[in-house]
Amino acid sequence: DWAKKVPFIAYFVDGQWKEERLSFVDTLYNLAISPNGGRIIYKTVEEKDGEEISHCFVVDKLPGAWSTPLEIKSLYNIHAGYFHLMKDGTLYFFARSPKSGIYYSGPDETLTFGSPQWLSDAVSLENSDSFAICMHPDSNKLIVTQYYSEKKFPERGEIGMYYNEKIGDDWKR
């Protein structure tokens, strides 16, 4: 079940991988961990009155434990996921609302995330799903997974992962 994955984390200690169950959530849809390993963001999905509601949470590493999950109100029910956390705290992610594609959000005063900002029409092609972004640390290059009808859009090429580069203010595929 895509929305009911059990989360684990693994640490490389003394030449061995040691895994442990993340106990701050029973099941989740997906998650990402910050480059320094000190923050995890994750998505859960619940059924309510026949509707799928999505929630996003952040937890921070404390000495010997993880913090209590804090819901990210700015990402409530926009179906955010496929997160990519940057070293500076910026979050890149896929969302379905207000339109389907790639967004970003910087940390706000609560150290969660502010209002989502649309990344670019060039990165999130119309009539497609662009998701699973991997952003370069300089925020000027990215790889994104794209899915669309190859019959309807033969000029786009095969569905798959695509490299984009920011040239001036514009993203080029």
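Residues numbered from 1 in each chain as written. Predicted model: local features only at pLDDT ≥ 70, side-chain atom pairs only at ≥ 80, totals over all residues. Heavy atoms only, no water.

(A) Geometry of the packing of aromatic side chains. The full count for this structure, using the stated rule, is eleven aromatic pairs. With a centroid separation of 5.0 Å and 55° between ring planes, the pair formed by phenylalanine 12 and tryptophan 17 is classed as tilted. Across the pair, tryptophan 17 and phenylalanine 12 agree in class, each one exposed. Between phenylalanine 24 and tyrosine 42, the aromatic rings sit 5.4 Å apart at their centres with planes inclined by 35°, giving tilted as the arrangement. On the criterion of sequence distance, the pair formed by phenylalanine 24 in the loop between β2 (16–21) and β3 (30–33) and tyrosine 42 in strand β4 (residues 39–48) is long-range, its members being 18 residues apart. An identical accessibility class is assigned to phenylalanine 24 and tyrosine 42; each is buried. A connected cluster of aromatic rings, assembled from ring pairs, spans Phe24, Tyr42, Phe57 and Trp66. The ring of phenylalanine 153 carries the charged tip of arginine 156 above its face, separated from the ring centre by 3.8 Å. (Phe/Tyr/Trp six-rings, centres within 6.5 Å; stacked < 30°, edge-to-face > 60°. Buried < 20%, exposed > 50% of the residue type's maximum accessible area, 1.4 Å probe, protein only. Helix = DSSP H or I, 4+ residues; strand = E, 2+ residues; numbered from the N terminus. Lys NZ or Arg CZ within 6 Å of the ring centre and 35° of its normal.)

(B) Geometry of the pairing of strand β5 (residues 51–62). The sheet contact formed by β4 and β5 spans ten bridges and is antiparallel. When the bridges of β5 are listed, tyrosine 42 appears paired with phenylalanine 57. Linking β4 to β5, which pair antiparallel, is a turn of two residues; within it aspartate 49 sits at a positive phi near 55°. The pairing of β5 with strand β7 (residues 70–71) spans two bridges and is antiparallel. Across the sheet, residue phenylalanine 57 finds its bridge partner in β7, namely glutamate 71. (Pairing = 2+ DSSP bridges.)

(C) How the structure looks around the nonpolar core. Of all hydrophobic cores here, the largest spans 15 residues; its most connected members are Ile41, Ile72, Leu75, Ala80, Phe83, Leu91 and Phe93. At the level of elements, β5, β8 (81–85) and β9 (91–95) are the ones that each hand at least two residues to this core. For this core, the leading source of residues is β9, giving three residues. By size, the runner-up hydrophobic cluster in this structure holds eleven residues, among which are Met86, Tyr92, Leu142 and Val144. (Core = buried A, V, L, I, M, F, W, Y, C linked by side-chain atoms within 4.5 Å.)

(D) Representation of the sheet that holds strand β13 (residues 141–147) within the structure. The four strands lie next to each other as β12-β13-β14-β15, forming an open sheet whose pairing is antiparallel. Edge positions in the sheet fall to β12 (129–135) and β15 (170–172), since each has one partner strand and no second. Between one strand axis and the next, the sheet turns by 35° as a mean value, whatever way the strands run. (Axes fitted to C-alpha atoms, helices over the stretch in contact; angles between N-to-C directions.)

(E) Local environment of the sheet that holds strand β10 (residues 101–105). The antiparallel open sheet is built from four strands, whose spatial order is β8-β9-β10-β11. For this open sheet the edge positions go to β8 and β11 (117–118), each flanked by a neighbour on one side alone.

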